[in-house]
Amino acid sequence: MPAELDPAGRVQRYNRPALGLFDRAVASVLPAVPRSVVKRVSAPYIAGPTLDDARRTVASLNAVGKCATIDVLGEEIHTAAEAQAIAASYGDVFAAIGADGLDANVSVKLTGLGLKLDVELCRSLLEALVRDAGARGSFVRIDMEDASSVDDTLALYRALRGSGLENVGIVLQSYLKRTLADISELRDLRPSVRLCKGIYVEPGAIAFQDSEVIRRSFVSCLEALLEAGSRVAIATHDEHLLGESLRRVAALPKEAYEFQMLLGVREARASELVAAGHALRVYVPFGQRWYEYSLRRLQENPQMAGVIAKATLARAVGRGR
Ligand SMILES: Cc1cc2nc3c(=O)[nH]c(=O)nc-3n(C[C@H](O)[C@H](O)[C@H](O)COP(=O)(O)OP(=O)(O)OC[C@H]3O[C@@H](n4cnc5c(N)ncnc54)[C@H](O)[C@@H]3O)c2cc1C
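This one's a predicted model, so the numbers in the text were calculated from it and none came from an experiment.

Draft legend 1. The arrangement of helix α5 (residues 119–135) in detail. Across its 17 residues, α5 extends 24 Å between first and last C-alpha, which sits within 8% of the 24 Å expected from 1.5 Å per residue. Of the residues making up α5, those classed as buried are Leu 121, Cys 122, Leu 125, Leu 126, Glu 127, Leu 129, Val 130 and Ala 133. Summarising the contacts, the buried residues of α5 are in contact with α4 (80–100), β2 (104–108), β3 (140–142), α6 (150–162) and β4 (168–173). Positive phi shows up at Gly 137, right after α5, with a value of about 70°.

Written out as structure tokens, the structure is:
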């Protein structure tokens, strides 16, 4: 699905941090930027088109003490066969993790497993995946998508845990006003939760819009999760939140939490966390369906305008030769 535009032509699907004027202007025309340029500038965020690319990337992360979560790109599917193909790709990912002895688990988007086509199909593909992971001693993180998916995602998670599956976790987004209530409802499960700000554009009625309020909510959610005994994956590159989080986990055993960052973002800061003895997991997406994910990352890059302008210019110069 291409990024949606508002009536003024601005990209509307994804939540963006505060950008400068020029960056905002470039963000608004991102969907018009040639795919070849988007592909080039977003290359650092994606391991590559194939599983071998992901294997190599994860091996090099492992070599410097970082673990990984591997994502098969593919949220924009339209048929049950495509959902089944994505589920099968995860089987290949688990086999590669085992064969190469990689320190990695997987992240999965339920829309890629058919959530919007047929919830029952999605449930059965997800359950098979979690069982497969369990048999291999691995773990499945269910990514959280836009607000229309939250109820179904939480219900599927609860159903899996109800069938005795423990090797599965979810993601909660601090920009959603409901998240603290969700944490308290999930309390009986002591869920493994990745906590992030949230990337999709949601209306003010259900989501905080102010970046300081989203930060405060992140800290409140983190405190509530730790208090509930959840294992928390703190997924942020925000220095302020890293500081707040470090203070709150300082007295905890290292297995009680981990930090998570995206491939290609703040890698030096991630290395510092590793050097300080914290577990650090990098989100490693790979696959042919790279476009949607790339747009999301570019819109969060504070230097996006310069990066795009440089790549567009290089393309124009290349053509002129
Ligand atoms: C491991 C992981 C998994 C995630 N899973 C989900 C999910 O399941 N559902 C969901 O809605 N969201 C997910 N997100 C995205 C998340 O919600 C935020 O949109 C994203 O992390 C940016 O928020 P931030 O906390 O890093 O703060 P920001 O304020 O956006 O970023 C802080 C700083 O990090 C740097 N930075 C951030 N992004 C970039 C970039 N793309 N390029 C260059 N520099 C950058 C900049 O220096 C920026 O100032 C995930 C994020 C991570 C790290």
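Draft legend 2. Highlighting helix α10 (residues 267–275). Within α10, the full set of buried residues consists of Arg 269, Ala 270 and Leu 273. Down the axis of α10, the sector holding all buried residues measures 105°, keeping them to one side. Away from its buried face by more than 90 degrees, α10 exposes Ala 268 and Ala 275. Of the surrounding secondary structure, the elements contacted by the buried residues of α10 are α9 (239–249), β7 (257–262) and β8 (280–286). Note on α10: the residue one or two positions beyond its end, Gly 277, has a positive phi of about 95°.

Draft legend 3. Local environment of the sheet that holds β4. Spatially, the eight strands close up into a barrel ordered β1-β2-β3-β4-β5-β6-β7-β8, and their pairing is parallel. Adjacent strand axes in the sheet meet at a mean angle of 30°, parallel and antiparallel pairs treated alike. Where β2 meets β3, three bridges bridge the pair, whose relative direction is parallel. Looking across to β3, one finds that Ser 107 is bridged to Arg 141. Its contacts with the sheet put helix α3 (residues 51–63) on β1 (67–72), β2 and β8, and the angle it makes with β8 is roughly 165°. The sheet strands contacting α10 are β7 and β8, and the helix crosses β7 at an angle near 160°.

Draft legend 4. Inspection of unusual backbone geometry at higher detail. Located in the positive-phi region is Arg 190, a residue other than glycine, with phi close to 40°. Of the residues examined, Arg 190 reaches a relative accessible area of 56% and is grouped as exposed.

Draft legend 5. A look at the nonpolar core. Within the largest apolar cluster, 77 residues are counted, with the highest numbers of intra-cluster contacts made by Leu 113 and Leu 126. Per-element tally for this core: the top contributor is α4, with eight residues. Among all residues touching Leu 113, those that are not within four sequence positions of it are Ala 83, Ile 86, Ala 87, Val 108, Leu 121, Cys 122, Leu 125 and Leu 126.

Criteria and thresholds
- Residues numbered from 1 in each chain as written.
- Predicted model: local features only at pLDDT ≥ 70, side-chain atom pairs only at ≥ 80, totals over all residues.
- Heavy atoms only, no water.
- Helix = DSSP H or I, 4+ residues; strand = E, 2+ residues; numbered from the N terminus.
- Expected span 1.5 Å × (residues − 1).
- Buried < 20%, exposed > 50% of the residue type's maximum accessible area, 1.4 Å probe, protein only.
- Contact = heavy atoms within 4.5 Å.
- Arc of directions from axis to C-beta.
- Pairing = 2+ DSSP bridges.
- Axes fitted to C-alpha atoms, helices over the stretch in contact; angles between N-to-C directions.
- Core = buried A, V, L, I, M, F, W, Y, C linked by side-chain atoms within 4.5 Å.

Shape is all these values report; function is a separate question.
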